[in-house]
Amino acid sequence: MSFSGSTAGSGSRTSQTSFEFGRTHVVRPKGKHEATIVWLHGLGDKGSSWSQLFESLPLPNVKWICPTAPTRPVAAFGGFPCTAWFDVGDISEDAPDDLEGLDFSAAHVANLLSTEPADVKLCVGGFSMGAAAALYSATCHAFKQYGNGSPYPLNLSAVVGLSGWLPCSRTLRNRMQGMNDAGRRAASLPILLCHGTGDDVVAYQHGEKSARIVSSSGFQNLTFRNYQGLGHYTIPEETDEVCRWLAANLRFGGT
């Protein structure tokens, strides 16, 4: 799979409301329920691939919700349909962003989290395209609105992105300037980004640059981890880091 094509989809050709999300898989907490994390899979994948992994993680206080993206045409594959959170053709600063698709997926995440108990911390994470969608939700949290201006209803407690990138990177810093409330929300949101130096799908340089832009835009509580030689997949060393980071930042106290 490559994102080196010259054409990127804008999301304007097909209404997002014509796409239906696939099956959602849920991993229940084995201890006291203190946090719920919606985890978004990568392009062409499905929620069950990750729910199987989360069953074995040492985070008994976390409920994992693993939705499956809609099947939709993707410009990176010449319009061939596959599961995708939004349309994408080329991962670069010059490529147009599918704002409609990003909003559509961010709203689905918010809807999945909207019925969680009031005392439970709400988080979003993802891999590859799912990480990009999770970072987009982080910006919605800071601005308290989606890209289309509609109110964003959640207060997120943490965001995790593996092998991903930042959508709308060209405009983020400019939007943050002069918005004091958005700056405060951004500064207090813990974000963990991880990327392998051997990633041949989402280049390490692009992931690293995305992390720099996120941080310089006001998301000051950002941790970036690189993994030498790691390709476009995850390894136990990385998932162990995610577990440690979540436990430290969400401060679980239950049993």
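Reading guide: rules and limits
Residues numbered from 1 in each chain as written. Predicted model: local features only at pLDDT ≥ 70, side-chain atom pairs only at ≥ 80, totals over all residues. Heavy atoms only, no water. Salt bridge = Lys/Arg side-chain N within 4 Å of Asp/Glu carboxyl O. Helix = DSSP H or I, 4+ residues; strand = E, 2+ residues; numbered from the N terminus. Buried < 20%, exposed > 50% of the residue type's maximum accessible area, 1.4 Å probe, protein only. Expected span 1.5 Å × (residues − 1).

As annotated in an unreviewed UniProt entry, the chain carries the name Carboxylesterase and comes from Nicotiana attenuata.

This part is about the pattern of salt bridges. All told, the structure shown has eight salt bridges when counted by the stated rule. Ionic pairing is found between lysine 63 and glutamate 116, a salt bridge with its closest N-O pair at 3.0 Å. In this pair, lysine 63 sits in strand 3 (residues 62-66) while glutamate 116 sits in the loop between helix 2 (99-113) and strand 6 (121-127), placing the two residues 53 residues apart along the sequence. Per residue, the accessibility class of lysine 63 equals that of glutamate 116, and both read buried.

Here we take up helix 7 (residues 236-250). Spanning 15 residues, helix 7 covers 21 Å between terminal C-alpha atoms, matching the ideal 21 Å at 1.5 Å per step. Turning to helix 7, its buried residues are Glu238, Thr239, Glu241, Val242, Cys243, Trp245, Leu246, Asn249 and Leu250. Remark: arginine 251 follows helix 7 within two positions and exhibits a positive phi of approximately 50°.

This paragraph deals with unusual backbone geometry. The backbone phi angle of lysine 144 is positive, close to 60°, even though this residue is not glycine. Structurally, lysine 144 can be placed in the loop between helix 3 (129-143) and strand 7 (158-162). Residue classification places lysine 144 among the partly exposed residues on the basis of a relative accessible area of 25%. Phi is positive for serine 163, close to 55°, though the residue is something other than glycine. Of note, serine 163 is situated in the loop between strand 7 and helix 4 (169-176). According to the relative accessible area criterion, serine 163 is buried, its value standing at 0%.

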